[in-house]
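# Survey of secondary and tertiary structure
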Amino acid sequence: MIPDHLITILMLGGARRVSMAELLMQSGKHMGKAVRILSYELQAKVPIAAVADVIVGRKWSDPLVVDDLLEVCRREHVDIILPFVDGAIEIAARCSEKLPEVFVPASASDVAETMFDKIAAAKAFKEAEIPIPTTYSALTATMPAIAKPRHGSASRGIKVFYNMEDLMQLEGITEYLVQEYIEKSEEYTVDCYVDASGKILCTVPRLREEVMGGEVTRTRTCHLPEVEAMSRRVLEAFRLRGAVTLQFLHDLSKDRYLLMEVNPRLGGGVVCSIYAGAPITDFILKESQGMPLSPCDDWMPDTLMARYQKEVIFYGK
């Protein structure tokens with residue numbers, strides 16, 4: 001028999017999200033609930049094992065992964081599924097369709113599919129009249145230009161070109177999004193949460209001060225009314241739900257903000273926004289329990305998060 005005060009959360013790809021798991025458990029404690037964390041991974045010895053039970057499963061591309069996850073959810077009495085990597089978004093949405101009693105604070109699978117195809121996403125942003133960098137076909141590109149793999153994440157495979165000859169030699173060029181390269185710029189992330197009815201509960205911009213391997217290691221919250229208003233436009237235009245991470249570029253030469261990406265999931269740096277006062281973990285738990293939610297706009301700007309490495313040790317095989 002499952003205790004009424006227990007909430008079981010299944011992370012998908014939460015291997016390094018130890019801080020996030022701890023914040024979810026803290027939120028549960030404040031609600032008088034015990035939070036049990038599970039994480040679905042490809043191997044057992046990952047950092048999240050320090051605070052969670054790891055379930056070794058299948059790759060996101062495996063045709064049987066949804067069936068496997070459905071079995072895990074039933075066996076472990078999962079209440080919430082939280083995807084933490086791009087490949088898990090559509091999988092989580094498909095699980096939600098099969099198990100509607102499990103709460104998945106994420107957008108529909110077709111929305112995720114569009115957002116993780118950079119060419120399709122750029123087209124959708126343009127049609128919605130959201131400002132983005134000038135997008136080219138390979139033959140019409142103006143130098144310098146930046147080429148991003150159509151399906152990619154964490155800045156992998158991105159290339160900058162300063163002459164057309166080099167761009168034309170890019171292998172598989174039709175599988176790249178080619179846009180203007182803005183040399184003098186700042187990058188901002190906006191951590192958002194939208195409830196199932198479409199109510200926007202928070203939009204918290206953060207300056208990405210330092211990034212390592214696509215993961216932010218130093219970030220600071222900041223009030224940017226223009227970016228917050230743009231974020232609301234994006235969330236409403238694409239009917240995004242649950243946890244959403246938006247990426248903006250500030251073109252310093254022209255003082256304009258441009259949408260770069262929409263990630264319909266929790267971002268790695270969301271911990272900073274939570275400590276700034278945006279109760280995103282509370283939103284997740286309370287919405288899963290059918291409790292009322294109130295928007296948060298009194299989070300603290302100038303909250304700085306600086307990350308450091310911490311080891312988790314495993315013994316034996």
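Residues numbered from 1 in each chain as written. Predicted model: local features only at pLDDT ≥ 70, side-chain atom pairs only at ≥ 80, totals over all residues. Heavy atoms only, no water.

## Examining the packing of helix 2 (residues 65–76) against helix 3 (residues 86–98)
Let me state the cut-off plainly: Each axis is a line fitted through C-alpha atoms, taken for helices only over the stretch in contact, and angles between the N-to-C directions span 0 to 180 degrees. For the purposes of this entry, the term helix denotes a DSSP run of H or I that reaches at least four residues, the term strand denotes a run of E that reaches at least two, and both are numbered from the N terminus. An angle below 35 degrees is treated as roughly parallel, one above 145 as roughly antiparallel, one from 65 to 115 as roughly perpendicular, and anything else as oblique. In this scheme the handedness of a crossing depends on how the near helix is turned from the far one: anticlockwise by less than a right angle means left-handed, clockwise means right-handed. Contacts are assigned to residue pairs with any non-hydrogen atoms lying within 4.5 Å of each other. Gly falls in the polar group here, along with every residue not listed as nonpolar (Ala, Val, Leu, Ile, Met, Phe, Trp, Tyr, Cys, Pro) or charged (Asp, Glu, Lys, Arg).
Following both chains from N to C, one finds helix 2 and helix 3 inclined at 55°, their axes separated by 10 Å at the closest point. Compared by their axis directions, helix 2 and helix 3 come out oblique. In this structure, helix 2 crosses over helix 3, and the sense of that crossing is right-handed. Along the contact surface, helix 2 presents Val65, Val66, Leu69 and Leu70, while helix 3 presents Ile91, Arg94, Cys95 and Lys98. Looking at the contact of helix 2 with helix 3, its residues break down into six nonpolar, no polar and two charged.

## Regarding the sheet that holds strand 14 (residues 304–306)
Condition: In short, DSSP must find at least two bridges between two strands for them to pair.
Pairing within the open sheet is antiparallel, and its six strands lie in the order 13-12-9-10-11-14. Whereas interior strands pair on both sides, the edge strands pair on one side only; in this sheet they are strand 13 (256–263) and strand 14. Mean inter-strand twist for the sheet, computed between neighbouring axes without regard to direction, equals 30°. Examined bridge by bridge, strand 9 (residues 185–194) and strand 10 (residues 200–212) share seven bridges and lie antiparallel to one another. Residue pairing across strands places Asp191 opposite Val204, the latter belonging to strand 10. Against the sheet, helix 9 (residues 280–288) engages strand 9 and strand 10, with an angle of about 25° to strand 9.

## As for the pattern of salt bridges
Our working definition: Salt-bridge detection follows one rule: a side-chain nitrogen of Lys or Arg within 4 Å of a carboxyl oxygen of Asp or Glu. Throughout, exposure labels follow a simple rule: accessible area from a 1.4 Å probe, protein chains only, divided by the maximum for the residue type, with under 20% read as buried, over 50% as exposed, and the rest as partly exposed.
What the rule picks out here adds up to 15 salt bridges. Asp117 serves as the salt-bridge partner of Arg150, at 2.8 Å between the closest nitrogen and oxygen. With Arg150 in the loop between strand 6 (145–149) and strand 7 (159–161) and Asp117 in the loop between helix 4 (109–115) and helix 5 (118–127), this pair connects stretches of sequence that are 33 residues apart. Residue classification places Asp117 among the buried positions, given a relative accessible area of 10%.

## Quick look at the pairing of strand 8 (residues 176–180)
Within strand 8, five of the five residues are buried, leaving the element largely enclosed by the surrounding structure. Alignment of strand 5 (residues 135–136) against strand 8, held across two bridges, turns out to be antiparallel. Residue Tyr136 lies in a different strand from strand 8, and its bridge partner there is Val178. Here five bridges tie strand 6 to strand 8, and the two strands are oriented antiparallel to one another. Counted as the bridge partner of Pro149 is Tyr176 from strand 8.

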